[in-house]
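Reading the structure
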Amino acid sequence: VQLQASGGGAVQAGASVRLSCAASGSTGSNGVMAWFRLAPGKEREFVAAITYRGGITYYADSAKGRFTISRDSAKNTGYLQMNSLKPDDTAVYYCAARFSVAPRRMAAADSYDYWGQGTLVTVSS
(Lines give C-alpha, C1' and ligand atoms only; values in the text may rest on other atoms or scores of the structure.)
Protein backbone atom coordinates (compact mmCIF):
# COMPACT_ATOMS: atom_id res chain seq x y z
CA VAL A 1 0.00 0.00 0.00
CA GLN A 2 1.32 3.42 -0.94
CA LEU A 3 -0.10 6.65 0.42
CA GLN A 4 0.13 10.07 -1.22
CA ALA A 5 -0.76 13.06 0.92
CA SER A 6 -1.58 16.43 -0.60
CA GLY A 7 -3.42 19.66 0.06
CA GLY A 8 -1.12 21.49 2.43
CA GLY A 9 -0.20 25.13 2.08
CA ALA A 10 0.23 28.46 3.81
CA VAL A 11 -2.90 30.05 5.23
CA GLN A 12 -3.87 32.63 7.80
CA ALA A 13 -5.41 31.88 11.15
CA GLY A 14 -9.09 31.09 10.87
CA ALA A 15 -8.82 29.64 7.39
CA SER A 16 -9.68 26.12 6.26
CA VAL A 17 -7.62 23.49 4.50
CA ARG A 18 -8.56 20.06 3.23
CA LEU A 19 -5.87 17.42 3.08
CA SER A 20 -6.18 14.35 0.90
CA CYS A 21 -4.53 10.96 1.17
CA ALA A 22 -4.76 8.79 -1.93
CA ALA A 23 -4.06 5.12 -1.37
CA SER A 24 -2.84 2.70 -3.99
CA GLY A 25 -3.63 -0.82 -2.96
CA SER A 26 -6.12 -1.92 -0.37
CA THR A 27 -5.93 -2.14 3.38
CA GLY A 28 -8.98 -4.38 3.33
CA SER A 29 -12.46 -3.88 4.65
CA ASN A 30 -11.20 -3.56 8.24
CA GLY A 31 -8.57 -1.01 7.34
CA VAL A 32 -7.95 2.20 9.20
CA MET A 33 -6.62 5.51 7.94
CA ALA A 34 -5.22 8.12 10.28
CA TRP A 35 -3.59 11.52 10.26
CA PHE A 36 -0.65 12.50 12.41
CA ARG A 37 1.29 15.72 12.50
CA LEU A 38 4.81 16.75 13.35
CA ALA A 39 5.46 20.31 14.38
CA PRO A 40 8.92 21.86 14.82
CA GLY A 41 10.35 21.00 18.20
CA LYS A 42 7.47 18.70 19.08
CA GLU A 43 6.82 14.99 18.99
CA ARG A 44 4.62 13.39 16.38
CA GLU A 45 0.99 13.82 17.40
CA PHE A 46 -2.12 11.87 16.55
CA VAL A 47 -4.82 13.99 14.90
CA ALA A 48 -7.63 11.72 13.74
CA ALA A 49 -8.46 8.24 12.46
CA ILE A 50 -11.32 6.58 10.62
CA THR A 51 -12.26 2.95 10.10
CA TYR A 52 -13.08 1.80 6.61
CA ARG A 53 -15.88 -0.38 7.94
CA GLY A 54 -18.56 1.80 9.42
CA GLY A 55 -16.61 5.04 9.20
CA ILE A 56 -16.01 5.21 12.96
CA THR A 57 -13.94 8.26 13.76
CA TYR A 58 -11.45 9.11 16.48
CA TYR A 59 -10.06 12.56 17.22
CA ALA A 60 -7.38 14.11 19.34
CA ASP A 61 -8.73 16.70 21.74
CA SER A 62 -6.95 19.40 19.76
CA ALA A 63 -8.89 18.38 16.64
CA LYS A 64 -12.37 17.88 18.05
CA GLY A 65 -14.86 20.40 16.78
CA ARG A 66 -12.52 21.85 14.15
CA PHE A 67 -11.27 18.92 12.08
CA THR A 68 -13.26 16.26 10.26
CA ILE A 69 -11.82 13.04 8.92
CA SER A 70 -13.60 11.21 6.14
CA ARG A 71 -12.97 8.70 3.40
CA ASP A 72 -14.25 7.94 -0.06
CA SER A 73 -14.07 4.20 -0.52
CA ALA A 74 -14.74 4.42 -4.26
CA LYS A 75 -11.74 6.69 -4.71
CA ASN A 76 -9.65 4.92 -2.06
CA THR A 77 -8.91 8.35 -0.63
CA GLY A 78 -9.08 9.80 2.84
CA TYR A 79 -9.54 13.43 3.76
CA LEU A 80 -8.89 15.72 6.68
CA GLN A 81 -10.97 18.88 6.64
CA MET A 82 -9.41 21.43 8.95
CA ASN A 83 -11.37 24.53 9.90
CA SER A 84 -10.62 27.48 12.16
CA LEU A 85 -6.92 26.85 11.84
CA LYS A 86 -4.57 28.24 14.46
CA PRO A 87 -0.83 28.92 14.33
CA ASP A 88 -0.40 25.92 16.66
CA ASP A 89 -1.74 23.73 13.85
CA THR A 90 1.40 24.46 11.82
CA ALA A 91 3.01 21.11 11.11
CA VAL A 92 3.78 18.49 8.53
CA TYR A 93 0.72 16.28 8.30
CA TYR A 94 1.12 12.59 7.55
CA CYS A 95 -1.49 10.07 6.62
CA ALA A 96 -1.08 6.50 7.77
CA ALA A 97 -2.93 3.24 7.27
CA ARG A 98 -3.12 -0.34 8.43
CA PHE A 99 -5.22 -3.41 7.77
CA SER A 100 -6.77 -3.20 11.22
CA VAL A 101 -6.15 -1.34 14.44
CA ALA A 102 -7.61 -1.98 17.86
CA PRO A 103 -9.66 0.99 19.07
CA ARG A 104 -7.38 1.52 22.03
CA ARG A 105 -4.42 1.72 19.66
CA MET A 106 -5.83 4.22 17.17
CA ALA A 107 -3.67 7.09 18.41
CA ALA A 108 -0.43 5.12 18.49
CA ALA A 109 1.87 5.79 15.56
CA ASP A 110 3.42 2.34 15.79
CA SER A 111 0.00 0.83 15.06
CA TYR A 112 0.34 1.85 11.42
CA ASP A 113 2.37 0.12 8.75
CA TYR A 114 1.95 2.49 5.83
CA TRP A 115 2.79 6.18 5.77
CA GLY A 116 2.48 8.97 3.25
CA GLN A 117 5.26 11.47 2.61
CA GLY A 118 3.70 14.33 4.54
CA THR A 119 2.27 17.67 3.50
CA LEU A 120 3.14 20.95 5.17
CA VAL A 121 0.47 23.21 6.62
CA THR A 122 1.63 26.63 7.77
CA VAL A 123 -0.79 28.85 9.67
CA SER A 124 0.18 32.46 10.24
CA SER A 125 -1.38 34.80 12.76
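Since we're looking at a predicted model, the values are computed, not measured.

Cut-offs applied
Residues numbered from 1 in each chain as written. Predicted model: local features only at pLDDT ≥ 70, side-chain atom pairs only at ≥ 80, totals over all residues. Heavy atoms only, no water. 1 Å grid on protein atoms, 1.4 Å probe; cavity = no way out; pocket = protein on both sides within 12 Å on 5 of 7 lines; lining within 4 Å. Points joined across faces, edges and corners; volume = space filled by probe spheres on them. Helix = DSSP H or I, 4+ residues; strand = E, 2+ residues; numbered from the N terminus. Pairing = 2+ DSSP bridges. Disulfide = S-S within 2.5 Å. Buried < 20%, exposed > 50% of the residue type's maximum accessible area, 1.4 Å probe, protein only.

**Some details on empty space enclosed by the protein**
Scanning the model with the defined rule gives one cavity of 30 Å³ or more in all. Empty space within the largest cavity amounts to approximately 40 Å³. If you list the elements that add at least two residues to the lining of the largest cavity, you get β7 (67-72) and β8 (77-82).

**Some words on the pairing of strand β9 (residues 91-98)**
By the bridge criterion, seven bridges tie strand β4 (residues 32-38) to β9 in an arrangement that is antiparallel. Bridging from a neighbouring strand, Trp 35 pairs with Cys 95 of β9. The sheet contact formed by β9 and strand β11 (residues 119-124) spans three bridges and is antiparallel. Pairing of Tyr 93 across the sheet is with Thr 119, part of β11. Taken together, the two bridges between β9 and strand β10 (residues 114-115) define a ladder with antiparallel strand orientation. Note on β10: the bridge partner recorded for Ala 96 is Trp 115.

**What to know about the state of the cysteines**
Here, disulfide denotes a covalent bond that connects the sulfur atoms of two cysteines. The full count for this structure, using the stated rule, is one disulfide. Disulfide partner of Cys 21: Cys 95, at an S-S distance of 2.1 Å. Negative torsions about the S-S bond denote left-handed disulfides, and the value of about 70° found for Cys 21 with Cys 95 makes this one right-handed. Here the residue Cys 21 occupies a position in strand β3 (residues 17-24), and Cys 95 occupies one in strand β9, the gap between them amounting to 74 residues. The burial state of Cys 21 is the same as that of Cys 95; both residues are buried.

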